[in-house]
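As a plain string of letters, each chain reads:
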2 protein chains.
Amino acid sequence: MKHVNYYLAASMKKLSRKQEIINVASKLFKEKGYSAVTMRDIAKSMGIKAASLYNHINSKQEILTYIIISLAEEFTQGMSSIKLSNKNSIEKLKQIVSLHINITINNTNGMASLNNDWMHLKDQKDYYLTLRVNYENSFRNIINKGIKKKEIINLNPDIMLFSILSTLRSLYLWIPKKEDLDPNELATSLSNVLLNGINR
Amino acid sequence: MKHVNYYLAASMKKLSRKQEIINVASKLFKEKGYSAVTMRDIAKSMGIKAASLYNHINSKQEILTYIIISLAEEFTQGMSSIKLSNKNSIEKLKQIVSLHINITINNTNGMASLNNDWMHLKDQKDYYLTLRVNYENSFRNIINKGIKKKEIINLNPDIMLFSILSTLRSLYLWIPKKEDLDPNELATSLSNVLLNGINR
DNA sequence: TTAACAAACTAACACTTGTTAGTTAACTCT
DNA sequence: AGAGTTAACTAACAAGTGTTAGTTTGTTAA
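Here the structure is a predicted model, which is why all the values come from computation and not from measurement.

Enquirer: What is the right way to look at the pattern of salt bridges in this model?
Expert: A side chain with one charge may pair with a side chain of the opposite charge, provided their charged atoms come close. If you walk through the whole model with that rule in mind, you get 16 salt bridges over all chains. As a salt-bridge pair, B:Arg17 and B:Glu20 come within 3.0 Å of each other at their nearest N and O atoms. Within this pair, B:Arg17 and its partner B:Glu20 are both found in helix H1 (residues 17-32), separated by three residues, close to a single helical turn. Residue B:Glu20 is classed as partly exposed on the basis of its relative accessible area, which comes to 29%. Several salt bridges share partner residues, and in doing so they unite A:Arg132, A:Glu136 and A:Arg169 into one network.

Structure follows, in structure tokens:
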């Protein structure tokens, strides 16, 4: 008997086999990086042979591309609605913090590839880099406007951008260790630390 | 003629061939990660054949181990002298910021491996992880003492630790893009942002 | 019942990987 | 001049790489 009938609880939708592969691959990519994970590793984690993966996906590269591009587009979309919101710059920064937390909670493993394996993209690398640069520019714009309106201190905006973004991009390393933490509470606390510092 | 006599300016010390290999490897590891860099890549960058590398190093693994462990020990040593200094917690945090900036400026490429390739260590992985945990614990202790002495706001210390450390660990991505910036000025500005936030 | 499909399998290929063995040429020191 | 050392070379190997071709088997739709 080759096919197993998994019992599926009423609440869980059945994932396409392709999506299962992508999820398993994401987890392995997070642990060892794209280059160190072989198709045989992925297959073994699913209990099948490497060749069988090709009934569902076209290449290893396709898996990486899917993981990274869908996340990058999610960030782009999130940023574009933040730009449209009628809030001051501080509130917009808080929205950015929440955006990162929510996306990271939903796809912790994928965020590792986004951060560490984008250089292994082929066809879509330029597209990814464009999305990334645009995202950073939007972020910088919010900071610059905040400085002009005296909502944000008048310091080197690149240092502020780098500092905040580094923390947000590293969330994937940290969130899985703190499962008990509520996303909203985390957003509040983290915004507080990033915006107001820790000095008393 | 197989051997070239490089002209060495009086100011530059001649690096051992082994150290040259490690430097070249560090650069490649930063660009593509340890697993994606082959011995033939490293050799090509040096203008020699892969087999020739083995006159100077014992294995690819040895290169990675050297890069990571020497940096980790540098951090350990830096932290231990900060612990001994008679400063309040805010001043100690500023010293930690400077420690990261100085080490990163001196070995930007190596910092990439420290952050992203430590999981590919073999023999020395446990040792590395011990150093890392100890470092984080020392960092957390400084924050906790600061909270007790009311020098630091009374918020979740793990969030503060994570936030600051994420930024410091990402410096290697950012410092090479800002060559004009003076290390001391960067330390001052970054400490200011990390400790006092950006809110006006 | 049977045709079509989905998803697994075995076997194989061409290429790349880290590494070893043995050799050779140029410098250094006596 | 000769011995020793350093650092390059060529050639090769065994293991592992992503991927393809062709086949088999259970499930689904007509």
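Enquirer: Looking at this model, I keep getting lost on a positive patch on the surface. Mind explaining?
Expert: Residues and elements named next belong to chain A. Residues Lys83, Lys145, Lys148 and Lys149 make up a contiguous surface patch of positive charge. When you line up the elements, lysine 145 lands in helix H7 (residues 125-148). Judged by its relative accessible area of 57%, lysine 145 is exposed.

Enquirer: Looking at this model, I keep getting lost on the interface of chain A and chain B. Mind explaining?
Expert: How big an interface is tends to be stated in terms of the accessible area lost upon association of its parts. The interface of chain A with chain B comprises 39 residues on the first partner and 39 residues on the second. Between chain A and chain B lies a buried interface of about 3,500 Å² when both sides are counted; carbon and sulfur atoms form 65% of it. Its largest share of buried area at the contact with chain B, chain A owes to A:Ile159, A:Phe162 and A:Ile198, together 21% of the area lost on that side. On the surface where chain A and chain B come into contact, there are two salt bridges. Among the salt bridges present, the one from A:Asp158 reaches B:Lys178, with a minimum N-O distance of 2.6 Å.

Enquirer: Mind showing me how you'd approach the relation of the copies chain A and chain B here?
Expert: Copy one and copy two of the chain differ by a rotation about a common axis and a shift along it. With an RMSD of 0.0 Å, the fit of chain A onto chain B corresponds to turning through 180° and sliding 0.0 Å along the axis. Such a combination of turn and shift is consistent with a two-fold rotation axis. In terms of proximity to the rotation axis, the leading residue of chain A is A:Gly197, whose C-alpha is 1.9 Å off the axis. Counting the interface residues of chain A, we find that 100% of their copies in chain B are interface residues as well, pointing to one common contact surface.

Enquirer: Explanation requested: helix H2 (residues 39-46) of chain B in the structure shown.
Expert: Structural remark: α-helix, 3.6 residues per turn; residues separated by three or four positions point the same way. All names here are of chain B. Among the residues of H2, those classed as buried are Met39, Ile42, Ala43 and Met46. The buried residues of H2 occupy an angular sector of 95° when projected down its axis, which confines them to one face. Every exposed residue of H2 that faces more than 90 degrees away from the buried side is listed here: Arg40 and Lys44. For H2, the elements touching its buried residues are H1, helix H3 (50-53) and helix H4 (60-84).

Basis of the calculations
- Residues numbered from 1 in each chain as written.
- Chains lettered and ligands numbered in written order.
- Predicted model: local features only at pLDDT ≥ 70, side-chain atom pairs only at ≥ 80, totals over all residues.
- Heavy atoms only, no water.
- Salt bridge = Lys/Arg side-chain N within 4 Å of Asp/Glu carboxyl O.
- Helix = DSSP H or I, 4+ residues; strand = E, 2+ residues; numbered from the N terminus.
- Buried < 20%, exposed > 50% of the residue type's maximum accessible area, 1.4 Å probe, protein only.
- Patch = residues over 30% accessible without salt bridge, like charges linked within 9 Å, V, L, I, M, F, W, Y side chains within 5 Å.
- Areas by Shrake-Rupley, 256 points an atom, 1.4 Å probe, with all protein chains shown as cover.
- Lys, Arg positive; Asp, Glu negative; His and termini not counted.
- Charge placed at Lys NZ, Arg CZ, Asp CG, Glu CD.
- Contact = heavy atoms within 4.5 Å.
- Buried area = accessible area lost by both parts, 1.4 Å probe.
- Least-squares fit on C-alpha atoms with pLDDT ≥ 70 in both.
- Arc of directions from axis to C-beta.

Shape is all these values report; function is a separate question.
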